[in-house]
Amino acid sequence: MQLVLTFVLWFIMIMLGVHVGYSLIVASLFFFATTNSFNLVPFALEQMFNGVNSQTLLAVPFFVLAGNLMNGGGVTTRIFDFAASMIGHRKGGLAHVNVLASLIFSGMSGSALADAGGLGQLEIKSMKDAGFDEGFAGGITAASCIIGPLVPPSTPLIIYAVLANQSVEKLFMAGFLPGILTTIALMAMCAYLSHKRNYPSEPKRSWSYRAQSFKKSFWALLTPLIILIGIFTGFFTPTEAAVVAALYTMFLGFFVYKELTLETYFKICLESIKTSGTIVLMILGVTLFQFVISREQMPQAIASFFVDNVNSKYMLLLMINIVLLLLGTVIDALPLQMILVPILLPAVVAYGINPVQFGVVVIFNLMIGILTPPMGTALFVVGRVGKIPFKTLVKGVIPFLIPLLITLVLLNLFPQITLTLPMLLTGGV
C-alpha cells in the first residue's frame, strides 16, 4: 500500500509541474517515512550518487554541448541548404528536405529536442514562405525530430545502456537501420500528402550548384562520419566521441564558418550546463526511486506476473508497447525511460527478447510520446520556435503518427532490423 501511495504522490507532483528529479526524491523520502525505513536512507543516498558516477554518462553533457554549438555555429543552416539542393525539387520538396536534414543532424546531436529547437525554426519558416500550411510544416518538423534519438550518437540510448547494463556501441549500431526506416516512412507520408494537397516544390538545382552547396557544408557533414567511424572502429569510446564532437563543432563555429562569438559561446555553455544539470538531477531522483522499487521487489513481481499470465513474447511486447504509448502521453520520455526500464527488463529477458532490440523499441515508443498531447514535449518546442498554435500543431502531426506506428510494429515483429548491424560488426549481441 505504501508503494502505491508513493506512486500516486509522485504522479500528483508531476501533474502539478514539480521537476521530475525533485518529485522522485520527495516520493522516495515519503516511502521511507511511511515505512519507518529511515535507517536505509544513508545507503540509499550512496546508491543515488553512485548512479551518476558513470563514465558512460559523461557522454551526455558533451553531446548536449555539441548539439547547441551546431545550432549557434552555422552548422544547421548549411545542412538544410545542402539537403534542399539535393531533393528540394520533388513534390512537396521542403517537407522531404525537413526529414533528410533531421537525419543528417541526428548523426551529430542525437537529441530530438535539439533538432526541433535548432533546425525547426529554419525549416518551418522556409516551408511557410514557400506556401505550406503551418500545421503541416510544424507536424513534419516535430515528427522528423524523433529520428535523433535513434541514429547514433543518441543520448536516450546512452542512458538505456547504463540502465540495462548494455553496450553503447551495440545500441548505436542497432538504432541506425530503424533511423533510416523511419526516414523512409516519413518521406513516404510527405509524398502522399504533398500530392494530395498539391504542395509546391523547389526549382531543380544543377549539379554545379549542388557541388557548391556540398562544398559549403562539407566540414559540417564530416561530423557524423567522424563520430560513427570512430565509435564503430573502436578508435574511441562513445564518451570520447562526445568530447571529439564538441571540440570539432566548436572549431567549425569559430574558425571555419566564423559565426560563433565568445559571447554566444559562453551563452551556449551556460545553456548546456543547465540542460545537463537537469538530466543529472533526474538521474539522481530515479536512482533513489529505483532503490525503493527494488527493495519492494517490484521488478521481480511484474516479471512473475507476465510469466504467469502472458502466453508469448509478442503478447508481452504488445502489452509493454501499449503501456509505454499511454504513459508517454502524460509523462516525459526521459524519466519514463529511467523508471520503467529496470522494472520491465527482467520480464523481457525471461521471454528471450534481446535487450538491445528492446532498447530501440522503448526509445521509439517514448519518442512517439513526445509527439502526443497533453505532454507532447516536441510539440511545445516546435510550437514555440515556429509560433504555431498547439491545436494546429496537433492536427498537423496526426497523419505522421501512422507511418511511425507502422515502423514501431515492424521493429517489434522483426528483431533483425535492430540486430543485424550489431551482429555483423561485432559478431554477436
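Residues numbered from 1 in each chain as written. Predicted model: local features only at pLDDT ≥ 70, side-chain atom pairs only at ≥ 80, totals over all residues. Heavy atoms only, no water.

A. Examining the overall build of the protein chain more closely. Scanning the protein chain from terminus to terminus reveals 20 helices and zero strands. Computed over its C-alpha atoms, the radius of gyration of the protein chain comes to 22 Å, within 12% of the 22 Å expected for a compact globule of 429 residues. On the principal axes, the C-alpha backbone points of the protein chain span a range of 70 × 45 × 45 Å. Counting over 429 residues, the protein chain shows a buried share of 56%. For the protein chain, the accessible area works out to roughly 18,000 Å², and carbon and sulfur atoms hold 67% of it. A distance of 11 Å separates the average location of the 22 positive side-chain charges in the protein chain from that of its 16 negative side-chain charges. (Helix = DSSP H or I, 4+ residues; strand = E, 2+ residues; numbered from the N terminus. Rg over C-alpha atoms; globule rule 2.2 N^0.38 Å. Buried < 20%, exposed > 50% of the residue type's maximum accessible area, 1.4 Å probe, protein only. Areas by Shrake-Rupley, 256 points an atom, 1.4 Å probe, with all protein chains shown as cover. Lys, Arg positive; Asp, Glu negative; His and termini not counted. Charge placed at Lys NZ, Arg CZ, Asp CG, Glu CD.)

B. Representation of the packing of aromatic side chains. This model, assessed by the stated rule, comprises 16 aromatic pairs. Relative to Phe-32, the ring of Phe-31 has its centre 6.2 Å away and its plane inclined at 70°; by these criteria the two rings are edge-to-face. Both residues of the pair, Phe-31 and Phe-32, count as buried. Here the aromatic residues Phe-251, Phe-254, Phe-255, Tyr-265 and Phe-266 are joined through ring pairs into a cluster of three or more. The ring of Trp-207 has Arg-210 sitting right over it, with the charged end atom 4.4 Å from the ring centre. (Phe/Tyr/Trp six-rings, centres within 6.5 Å; stacked < 30°, edge-to-face > 60°. Lys NZ or Arg CZ within 6 Å of the ring centre and 35° of its normal.)

C. Summary view of the side chain of Thr-183. Positionally, Thr-183 belongs in helix 10 (residues 168-197). Here Thr-183 falls in the buried class, since its relative accessible area comes to 5%.

D. Inspection of the side chain of Thr-141 at higher detail. Along the chain, Thr-141 turns up in helix 8 (residues 134-144). According to the relative accessible area criterion, Thr-141 is buried, its value standing at 0%. At a separation of 2.9 Å, a polar atom in the side chain of Thr-141 contacts the side chain of Asn-98. Setting aside residues up to four positions removed in sequence, Thr-141 forms contacts with Asn-98, Gly-120, Glu-123, Ile-124 and Val-382. (Polar contact = N/O pair within 3.5 Å; in protein donor to acceptor, adjacent residues only side chain to side chain. Contact = heavy atoms within 4.5 Å.)

E. Fine view of the environment of Leu-65. Along the chain, Leu-65 falls in helix 4 (residues 59-72). Exposure remark for Leu-65: the relative accessible area of 15% places this residue in the buried category.

F. Quick look at helix 4. Helix length check: helix 4, at 14 residues, gives a terminal C-alpha distance of 20 Å against a target of 20 Å (1.5 Å per residue), a fit within 8%. Of all the 14 residues making up helix 4, ten are buried; the element is thus mostly covered by neighbouring parts of the structure. Of the residues making up helix 4, those classed as buried are Ala-59, Val-60, Phe-63, Val-64, Leu-65, Ala-66, Gly-67, Asn-68, Leu-69 and Met-70. Positive backbone phi, at 90°, marks Gly-74, one or two positions downstream of helix 4. (Expected span 1.5 Å × (residues − 1).)

G. Region of interest: the packing of helix 4 against helix 12 (residues 238-256). Packing of helix 4 against helix 12 brings their axes to within 8 Å, and their N-to-C directions diverge by 25°. Here helix 4 is positioned roughly parallel relative to helix 12, judged by the angle of their axes. You can see that helix 4 and helix 12 cross each other, and the crossing is left-handed. Residues Ala-59, Phe-62, Phe-63, Leu-65, Ala-66, Leu-69 and Met-70 of helix 4 touch helix 12, and the partners they reach there are Pro-238, Thr-239, Ala-241, Ala-242, Val-243, Ala-245, Ala-246, Thr-249 and Met-250. For the contact of helix 4 with helix 12, a count of residues per class yields 14 nonpolar, two polar and no charged. (Axes fitted to C-alpha atoms, helices over the stretch in contact; angles between N-to-C directions. Parallel < 35°, antiparallel > 145°, perpendicular 65-115°, else oblique. Left-handed = near helix turned anticlockwise from the far one by under 90°. Nonpolar A, V, L, I, M, F, W, Y, C, P; charged D, E, K, R; others polar.)

So far we have only geometry, and geometry alone does not tell us how the molecule works.
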